[in-house]
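Listed below, chain by chain, are the residues.
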Amino acid sequence: LSKGSRLNYFLIQDNSADSVFYSRKHCANNGGKINWRTAEFGSSFSKSTIETSLTGRESENDCTSIFYSNGVQHFDLSTACIHGEKNTVSNTMAYGALGGSSTGVFKGGISILSNATGAVSDLREKALLLSKQSKADAVPSLDINNNEVTAGHGAAIGHVDEEQLFYLQSRGLDEKTAMQTLVRGFFNPLLAASESAAFKEIATELLEKKLAENNGF
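Values in this document were obtained by computation on a predicted structure and should not be read as measured data.

Enquirer: Would you mind going over the pairing of strand S4 (residues 45-54) with me for this structure?
Expert: Sheet faces and side chains relate simply in a regular strand, where the side chains alternate between the two faces. Counting buried positions over the 10 residues of S4 gives 8, a clear majority of the element. Two strands pair when backbone bridges link them, and strand S2 (residues 20-29) and S4 are joined in this way by 10 bridges, in the parallel orientation. Across the sheet, residue Lys-25 finds its bridge partner in S4, namely Ile-50. Here 10 bridges tie S4 to strand S6 (residues 74-83), and the two strands are oriented parallel to one another. Opposite Ser-48, over in S6, you have Leu-77 as the bridge partner.

Enquirer: I would appreciate a short explanation of the environment of Tyr-22 in the present structure.
Expert: Its location among the elements puts Tyr-22 in strand S2. A relative accessible area of 58% means that Tyr-22 is categorised as exposed. Taking the C-alpha atoms as reference points, Tyr-22 and Gly-100, separated by 78 residues in sequence, lie 22 Å from one another. If we ignore the near neighbours within four places in the chain, the residues touching Tyr-22 are Phe-45 and Lys-47.

Enquirer: Looking at this model, I keep getting lost on the nonpolar core. Mind explaining?
Expert: As a rule of thumb, soluble globular proteins bury nonpolar side chains together. Grouped together as the largest cluster of nonpolar side chains are 24 residues, with contacts concentrated most on Ile-66, Tyr-68, Leu-130, Val-183, Phe-187 and Leu-207. Every element with two or more residues in this core is listed here: strand S5 (60-69), strand S7 (89-98), helix H1 (162-170), helix H2 (175-192) and helix H3 (197-213). If you tally residues by element for this core, the top one is H2, at 8 residues. When neighbours within four sequence positions are excluded, Leu-207 is seen to be in contact with Phe-41, Tyr-68, Val-183, Phe-187 and Leu-191. Counting 9 residues, the second largest nonpolar core, distinct from the first, contains Phe-75, Ala-94, Leu-98 and Leu-129.

Reading the values: the criteria
Residues numbered from 1 in each chain as written. Predicted model: local features only at pLDDT ≥ 70, side-chain atom pairs only at ≥ 80, totals over all residues. Heavy atoms only, no water. Buried < 20%, exposed > 50% of the residue type's maximum accessible area, 1.4 Å probe, protein only. Helix = DSSP H or I, 4+ residues; strand = E, 2+ residues; numbered from the N terminus. Pairing = 2+ DSSP bridges. Contact = heavy atoms within 4.5 Å. Core = buried A, V, L, I, M, F, W, Y, C linked by side-chain atoms within 4.5 Å.

Structure (structure tokens):
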């Protein structure tokens, strides 16, 4: 991307349950802004990689990715951002909900080079486990080579909050409907932030489809 340019990239993956999905995306950003928005629901095995190189001053990278798995699906999501110049900004959020016996892996990397003073970078990974059999791993990685930066990361993996579930049931919802409500709330901040109404609409429809068919709570 050239200086002052802007690119919004959208990907929705809902392939058949017997398929395998591979995706690798890379952007060299020389002063513009790249927004990555991905949502994955399909395939038995999915491996997605998003890489961004911030090669120009004041380049920006904003990445939000979600996936929702059930059955025996496996999702492998990797993100990497290299800060190669001054005053570059990166924000990455990856959320996954896992039901049934499904599994998922988040691998998020931030690298800030020695000349990238003034860089600001943040990485957040969250996984919501909807069943006792589901499993997720989060592997955040920071490589910081100068002290004049602001960088943070966080990873959280946990089961549904029993108090929240109890509260919703006390308001008259059955257990499955309460679980569905919590999953919607989990993903909503990322979907609501999308620049594309069409992306939000389609991703929400597929989320509802997945919720309706998921008996793996």
